[in-house]
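Each chain is listed here by its residues.
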Amino acid sequence: MTSHPAPRPGAPTHVVFDLDGTLVDSEPNYYEAGRRLLARYGVRDFGWEDHTRFIGIGTRETLTALRAEYGIDAPVDELLAGKNALYLELAGASTEVFGQMRALVERLHAAGAPMAVASGSSRAAIGAVLAVTGLDAYIPLYVSAEEVAHGKPEPHVFLEAARRLGADPADCVVLEDAPPGAAAARAAGMRCIAVPYVAATAFDPAFAAADLLFAGGQSEFTAEAAYAWLLG
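Below is a summary of the structure that appears in this document. Keep in mind that this is a model prediction, so the values were computed, not measured.

### Notes on the packing of helix α4 (residues 76-93) against helix α6 (residues 123-133)
The geometry of α4 relative to α6 is characterised by a closest axis approach of 9 Å and an angle of 10 degrees between their N-to-C directions. Here α4 lies roughly parallel to α6, going by the angle between them. Contact with α4, carried on its side by Y87, L88, A91 and G92, involves A124, A125, A128, V129 and V132 of α6 and no other residues of that element. Class assignment for the residues of the contact of α4 with α6 results in eight nonpolar, one polar and no charged.

### Some remarks on the pairing of strand β2 (residues 14-17)
Residues of β2 alternate between two faces, with H14 and V16 on one and V15 and F17 on the opposite face, all of them buried. In the sheet, β2 pairs with strand β5 (residues 172-176) via four bridges, with the strands oriented parallel. For V15, the partnering residue across the bridge sits in β5 and is V173. As paired strands, β2 and strand β3 (residues 115-119) are joined by three bridges and run parallel to one another. When the bridges of β3 are listed, F17 appears paired with V117.

### Observations regarding the sheet that holds strand β4 (residues 142-144)
Strand order in the open sheet formed by seven strands is β1-β7-β6-β5-β2-β3-β4, and the pairing between neighbours is mixed. Of all the strands in the sheet, just β1 (2-3) and β4 have a single pairing partner and so form its edges. Here β1 runs beside strand β7 (residues 212-213); their pairing, made up of two bridges, is antiparallel. Its bridge partner lying in β7, S3 is registered against L212. Helix-sheet contacts for helix α5 (residues 99-111) involve β2, β3 and β5, and the interaxial angle to β2 is about 155 degrees. In the packing of helix α10 (residues 223-231) onto the sheet, the strands contacted are β1, β2, β5, β6 (191-194) and β7, and the crossing angle to β6 comes to about 170 degrees.

### Observations concerning the state of the cysteines
A complete count under the given rule lists zero disulfides for this structure. Cysteine C192 remains unbridged, with the sulfur of C172 as its closest cysteine sulfur at 12 Å. For C192, a relative accessible area of 3% gives the class buried.

### Side note on empty space enclosed by the protein
The final tally for this structure, using the stated rule, is one cavity of 30 Å³ or more. Taken as a whole, the largest cavity spans an internal volume of roughly 260 Å³. D20, E27, F54, G56 and I57 are the residues nearest the centre of the largest cavity, which is lined by 22 residues in total. Residues belonging to the lining of the largest cavity are distributed by class as follows: seven nonpolar, nine polar and six charged.

### A closer look at the layout of surface pockets
Looking at the largest pocket, its volume works out to about 190 Å³. Looking at the largest pocket, it is lined by 16 residues, and the ones nearest its centre are R60, E61, L80, A145 and E146. Counting only elements with at least two residues in the lining of the largest pocket, the list comes to α3 (59-70) and α4. In terms of residue count, α3 provides more of the lining of the largest pocket than any other element does, three residues in total.

### Examining the nonpolar core
Ranked by internal contacts, the top residues of the largest apolar core, which has 51 residues, are F17, L23, L104, L108, V117 and I193. For this core, the leading source of residues is α4, giving six residues. In this structure, A161, C172, M190 and A210 belong to the second largest nonpolar core, which totals 24 residues.

### Some points on the packing of aromatic side chains
A ring pair, where both rings are aromatic, is described by two values, the distance of the centres and the angle of the planes. Using the criterion set out here, one finds four aromatic pairs in the structure. Ring centres of Y31 and F46 lie 6.1 Å apart, and the angle between their planes is 25 degrees; this geometry places the pair in the stacked category. One end of the pair, Y31, is in helix α1 (residues 27-40); the other, F46, is in the loop between α1 and α2 (48-52), with 15 residues separating them in the sequence. Pairing Y31 with W48 gives two aromatic rings, centres 5.7 Å apart and planes at 85 degrees, and the pair type is edge-to-face. One end of the pair, Y31, is in helix α1; the other, W48, is in helix α2, and 17 residues separate them in sequence.

About the criteria used
Residues numbered from 1 in each chain as written. Predicted model: local features only at pLDDT ≥ 70, side-chain atom pairs only at ≥ 80, totals over all residues. Heavy atoms only, no water. Axes fitted to C-alpha atoms, helices over the stretch in contact; angles between N-to-C directions. Helix = DSSP H or I, 4+ residues; strand = E, 2+ residues; numbered from the N terminus. Parallel < 35°, antiparallel > 145°, perpendicular 65-115°, else oblique. Contact = heavy atoms within 4.5 Å. Nonpolar A, V, L, I, M, F, W, Y, C, P; charged D, E, K, R; others polar. Buried < 20%, exposed > 50% of the residue type's maximum accessible area, 1.4 Å probe, protein only. Pairing = 2+ DSSP bridges. Disulfide = S-S within 2.5 Å. 1 Å grid on protein atoms, 1.4 Å probe; cavity = no way out; pocket = protein on both sides within 12 Å on 5 of 7 lines; lining within 4 Å. Points joined across faces, edges and corners; volume = space filled by probe spheres on them. Core = buried A, V, L, I, M, F, W, Y, C linked by side-chain atoms within 4.5 Å. Phe/Tyr/Trp six-rings, centres within 6.5 Å; stacked < 30°, edge-to-face > 60°.

Here it is as structure tokens:
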């Protein structure tokens, strides 16, 4: 674990969580939804390694890239509707919350820290995951990339979360698992706690600039360490 100075004393800390791969282990469901979707259009060789290239990037941006890569004629909006429907079916059946992340959310909630989710997923998908996991009881405010001009690595989704929280971006801390998200947090002028989902990305330049880095990912992350850094 590497750390820069904690948020400035006396400043209200507003915590903005990425959802997929950070709060919840939803990537297996997103991969399966993508695999099933692409199979409908004749793509039979889409593997997990192909999926990991797009972790941290919004669903629309991902599908736009895959559509071009595989020469799919269907409009992006059609692909997006199909993947969202498949994902909602999978997520509604089972979504796992990372244990230490749930512990952190509960501690922050008890301390009265304002929280939000800012994600590249659709608003329907975010709402479904928060509901099925019970996290909506702690984090009712969430922003989808479909509600802003551009998804991560652009900062728009984080800036919109700050606006809805009524917070200055400088008083917000983002928790992220992917380099595009960490880059978006930095572009938004927010501090970042990085918890890499894909081990090979741990030393990506975007994570090197993070204020608190758990290079070992979820296996290294602890609610106690993150809470101490956030609120002292």
